[in-house]
Amino acid sequence: MPENTPAPCAPEDVRRVACIGAGVIGGGWVAHFLARGYDVTAWDPAADAGDRLRRLVAAAWPALEQIGLADGASQDRLTLAPTLAEAVADADFVQESAPEQLELKRSLLAELAAATRPGVVIASSTSGYPMTDMQTEAENAGRLVVGHPFNPPYLIPLVEVVGGEQTDPGAVAWASRFYGVAGKSVITMDRELPGFIANRLQEALWREALHMVANGEATVEDIDASITEGPGLRWAFMGPCLTFALAGGEGGMAHMLDHFGPSLKSPWTRLEAPELDRALRDAMVDGCREAAGDRTYADLVAARDQGVIDVLRATGRLGSTRR
Ligand SMILES: NC(=O)C1=CN([C@@H]2O[C@H](COP(=O)(O)OP(=O)(O)OC[C@H]3O[C@@H](n4cnc5c(N)ncnc54)[C@H](O)[C@@H]3O)[C@@H](O)[C@H]2O)C=CC1
Ligand SMILES: C[N+](C)(C)CC(=O)CC(=O)[O-]
């Protein structure tokens, strides 16, 4: 949104959302926006995208009914557009969720900025590219922001919002407000960080998990249990900083750092990224296959969705509906 071009509508007045790219995340966004009572237009170039998308939305719908649909919410309010231009023509907001390839994002965002009504904010779901690197080919790049979701976007509340060097701060503010209206928990960042905030944290954990599997120090199952039976239980409602402040007893974070700081410094600094070679890839794939056992992808999605709903309910955070 260039400084002098007002967005076509206020975040509260958005009626139609366009979702570009309808895979795991784009499809999850479609389910979220439909459940929140929006009209949604989706576009994806894959031949089987329509069937895949309708399957994904149908599989998500029982979970969405459980947490409460907005008035008028319906899977019938999804339209599959034959072209990108038709998908965005009437959109009040655009969420791009195409594959994580920088050149593809650059040209797609340029195409979207050209096809979308002036001032409409366009958000990318990228899980790591800075918007500065993605907006290089677009005219009207001021309305391009990152809106980074978490899988599945229809249940995990967080979205991280940040602009690039050419982004108008008004577009960042508009997107943050819109996501809030649409039922998301928003963290608005005032500068670009590789991996934003949550992925930067997840990447550190993931790096160590890959090291342990590569070195045969822990199995995939051990790693997953170490989180689900341990710190993961606390992290669902109290973040890593406050939980560690409690590790310092009544002395809080000050005692925790004075006590454990020196012994923690070595693990903070000793490890580098492991080589993701064929053997490590296969060990991760085989370990996950074993951990899944007889459960299909659909079984695991249903179990994950129910688990997230149970945690949200238990911690009093089941979202309220939009209208
Ligand atoms: N999978 C995840 O857990 C998360 C992914 N993301 C981000 O979301 C984006 C999408 O990732 P996924 O949904 O996982 O990928 P995916 O592979 O499941 O889906 C990508 C979809 O984009 C479509 N596509 C291919 N070329 C396209 C184009 N030129 N324009 C529009 N669509 C196109 C594909 O047909 C496919 O349906 C990426 O930027 C990724 O980093 C963000 C958060 C979590
Ligand atoms: C795997 N991933 C890096 C694409 C994951 C994310 O970006 C967020 C998430 O859902 O954890």
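Residues numbered from 1 in each chain as written. Chains lettered and ligands numbered in written order. Predicted model: local features only at pLDDT ≥ 70, side-chain atom pairs only at ≥ 80, totals over all residues.

In the nomenclature of an unreviewed UniProt entry, the chain is known as L-carnitine dehydrogenase of Streptomyces platensis. Regarding the chain, the relevant UniProt record gives this comment under Subunit (unreviewed entry): "Homodimer." The UniProt entry for the chain carries the following comment under Subcellular location (unreviewed entry): "Cytoplasm". (UniProt positions renumbered as here; feature names shortened; annotations may be inferred.)

This part is about the site of ligand 1. Around ligand 1 sit 23 residues in total, of which Gly-21, Gly-23, Ile-25, Ala-46 and Ser-127 are the nearest. Of all the secondary-structure elements, those providing two or more residues to the shell around ligand 1 are helix H1 (24-35) and helix H4 (102-115). Of the residues assigned to the shell around ligand 1, the class counts are 12 nonpolar, 9 polar and 2 charged. (Near = placed C-beta within 6 Å. Helix = DSSP H or I, 4+ residues; strand = E, 2+ residues; numbered from the N terminus. Nonpolar A, V, L, I, M, F, W, Y, C, P; charged D, E, K, R; others polar.)

The amide bond that connects Asn-151 to the next residue, Pro-152, takes the cis arrangement and shows omega of 0°. With respect to the helices and strands, Pro-152 occurs in the loop between strand E6 (144-148) and strand E7 (158-163). The phi angle at Asn-140 is positive, at roughly 55°, despite the residue not being glycine. Along the polypeptide, Asn-140 turns up in the loop between helix H5 (131-134) and E6. Of note, Phe-196 is a non-glycine position whose phi angle comes to about 55°, a positive value. Relative to the helices and strands, Phe-196 resides in the loop between strand E8 (185-188) and helix H7 (198-214).

What follows concerns the site of ligand 2. Residues in contact with ligand 2, as listed here, are Ser-127, Phe-150, Asn-151, Asn-199 and Gln-202. Among the residues making up the shell around ligand 2, the classes are represented as 1 nonpolar, 4 polar and no charged.

This brings us to the sheet that holds E6. Taking strand neighbours across the sheet as the criterion, the 8 strands line up as E3-E2-E1-E4-E5-E6-E7-E8 in an open arrangement whose pairing is mixed. One side of each edge strand has no neighbouring strand; the edge strands of this open sheet are strand E3 (78-80) and E8. The average angle at which neighbouring strand axes cross in this sheet is 25°, direction not considered. Pairing between E6 and E7: 4 bridges, direction antiparallel. Among the inter-strand pairings, His-148 is bridged to a residue of E7, identified as Glu-160. Taken strand by strand, H4 contacts strand E1 (16-20), strand E4 (93-96), strand E5 (121-124) and E6, and its axis lies near 160° from that of E5. (Pairing = 2+ DSSP bridges. Axes fitted to C-alpha atoms, helices over the stretch in contact; angles between N-to-C directions. Contact = placed C-beta atoms within 7 Å.)

Once that is clear, we can look at the packing of helix H2 (residues 49-67) against helix H13 (residues 297-314). The geometry of H2 relative to H13 is characterised by a closest axis approach of 10 Å and an angle of 15° between their N-to-C directions. When the interaxial angle is binned, H2 and H13 end up roughly parallel. Of the two elements, H2 crosses H13, and the hand of that crossing is right-handed. Taking contact as the criterion, the partners of Ala-59, Ala-63, Gln-66 and Ile-67 in H2 are, on H13, Ala-298, Val-301, Asp-305 and Ile-309. The class makeup of the residues in the contact of H2 with H13 is 6 nonpolar, 1 polar and 1 charged. (Parallel < 35°, antiparallel > 145°, perpendicular 65-115°, else oblique. Left-handed = near helix turned anticlockwise from the far one by under 90°.)

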